[in-house]
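Chains, contacts and geometry: an overview
Residue strings, one per chain:
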Amino acid sequence: MLAFTGSRLDRADHIRADPDRLAGMMNWKARLLALDGLMPGTDDAGCLAWGTLADAPEDAEFVFLGLDVSEEGQGKPCFAVVPPAGDAAPRMANPQLWSLMATMRPDDLALYGGARSIVDWHARHRFCAQCGGGTKIAKGGWQRECTSCGASHFPRTDPVTIMLVEHDGRLMLGRGKGWPEGRFSALAGFVEPGESIEEAVMREVLEESGVRARDVTYIASQPWPFPSQLMIGCHSHADDDALTIDETEMAEINWYVRDEVEAALSGDGPFVAPPPHAIAHHLMKWWIEK
Ligand SMILES: [Zn+2]
């Protein structure tokens, strides 16, 4: 299973849309996800830590994450608090979080990732993009409304294509500018307005490598909460292996045979492969097994 998928929460949209029912659930039984800014709190067993709504500051904005429908969760409503506005830039993962993520339970990681994306979105959208007025939380935290012009704003998920490009039994992998020496992964890029997934894959591959990709097929997707992307994993073929590297984005691009990719995934190859919680790792594994 891909990291950040498999949450044990039922998002319960019918409750989000019913303010009275939601208010009725905000009692001592409700669970509040322990967050320090955007960092997860963990208990002695390394699981996500929880408190009650009474732990929140007085003027807190609550996001209703859903009902914990696992056996241990007993259907309890789960909430998170929007952190105070920091700087406007989205906060990325730090080394401490990477090491926590490596040991977290998959369903905890999925729950944390979703909660992190939504509370971070709230913290960065306190003002209306249409008129600049203040916004307030609505629909259990799955919407913000402008207090001035009345516009509704919805949490964003930004689609990113990440693609395997194959030619004559070899796989194209690249090292982005600023990445550590030796670290290679699948090329990736945001889907732009007016593009299909297939078109985005073909454009990104052409821009970054100068190679024309064709026959794009979908493999798998993964939510990525830094800050809120949907990684869409694809496979494609190239007719030609001649590279023209876009040096503004990429430091290196190489073609690797199956044995090299397999060796890298097991930690002993000609390059450093992406870690298991990245979809690129799974795409490369899919490719060597196909
Ligand atoms: Zn407005």
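Thresholds, definitions, all that
- Residues numbered from 1 in each chain as written.
- Predicted model: local features only at pLDDT ≥ 70, side-chain atom pairs only at ≥ 80, totals over all residues.
- Heavy atoms only, no water.
- Salt bridge = Lys/Arg side-chain N within 4 Å of Asp/Glu carboxyl O.
- Helix = DSSP H or I, 4+ residues; strand = E, 2+ residues; numbered from the N terminus.
- Buried < 20%, exposed > 50% of the residue type's maximum accessible area, 1.4 Å probe, protein only.
- Donors = N, O, S within 2.8 Å, 3.2 Å for Na, K, Ca; no water.
- Tetrahedral: all angles 85-135°; square planar, octahedral: opposite > 155°, others 65-115°.
- Domains from an automatic or database assignment.
- Contact = heavy atoms within 4.5 Å.
- Buried area = accessible area lost by both parts, 1.4 Å probe.
- Polar contact = N/O pair within 3.5 Å; in protein donor to acceptor, adjacent residues only side chain to side chain.

Time to look at the pattern of salt bridges. Within the structure shown, the criterion is met by 23 salt bridges. Between E72 and R105 there is a salt bridge, and its shortest N-O distance comes to 3.1 Å. Of this pair, E72 sits in the loop between β6 (62-68) and β7 (76-81) while R105 sits in the loop between α3 (95-103) and α4 (106-123), and the two are 33 residues apart along the sequence. Residue R105 is classed as partly exposed on the basis of its relative accessible area, which comes to 29%. Residue E166 pairs with K290 through a salt bridge whose shortest N-O separation is 3.3 Å. One end of the pair, E166, is in strand β11 (residues 158-167); the other, K290, is in the segment after α7 (279-289), and 124 residues separate them in sequence. Overall, K290 belongs to the partly exposed group, its relative accessible area being 47%. Three or more residues are tied together by salt bridges with common partners; here these are R8, R31, D68, E72, R105, D107 and D108.

Once that is clear, we can look at unusual backbone geometry. Of note, the amide linkage connecting F226 to P227 takes the cis form, showing an omega dihedral of 0°. Looking at where P227 falls in the secondary structure, it is placed in the loop between β14 (213-224) and β15 (229-238). A positive phi angle, close to 50°, is found at Q74, a residue other than glycine. Following the sequence through the fold, Q74 ends up in the loop between β6 and β7. For D215, which is not glycine, the phi torsion reads 50° and is therefore positive.

Before going further, it helps to spend a moment on the coordination of the zinc ion. Within the protein, the zinc ion binds to C128 (SG), C131 (SG), C146 (SG) and C149 (SG); these donor distances fall in the range 2.3 to 2.4 Å. Viewed at the metal, the four donor atoms of the zinc ion are separated by angles of 101 to 113°, and the geometry they form is tetrahedral. Counting gaps between the donor residues of the zinc ion yields the pattern C-x2-C-x14-C-x2-C. Classification of C146 as buried rests on a relative accessible area of 6%. In this structure C149 comes out as partly exposed when scored by relative accessible area, which is 38%.

Many descriptions give the size of an interface as the accessible area lost when the pieces come together. Splitting the protein by domain gives domain 1 (9-124), domain 2 (125-155) and domain 3 (158-289). Taking only C-alpha atoms into account, the centre of domain 1 sits 32 Å from that of domain 3. In this assembly, 11 residues from domain 1 lie in contact with six residues from domain 3. Of the roughly 730 Å² buried between domain 1 and domain 3 on both sides combined, carbon and sulfur atoms contribute 73%. It is W98, M101 and S117 that lose the most area in domain 1 upon contact with domain 3, and together they represent 46% of the buried surface on that side. Counting across the domain 1 and domain 3 interface gives zero salt bridges. Scanning the region where domain 1 abuts domain 3 turns up two residue pairs in polar contact (both at pLDDT 80 or more). Where the side of domain 1 that touches domain 3 is concerned, the elements lending two or more residues are α3 and α4.

Within the secondary structure layout, R8 lies in the segment before β1 (9-10). Since its relative accessible area comes to 9%, R8 is described here as buried. Once residues within four sequence positions are removed from consideration, R8 is found in contact with W50, L67, D68, V69, S70, R105, D107, D108 and L111.

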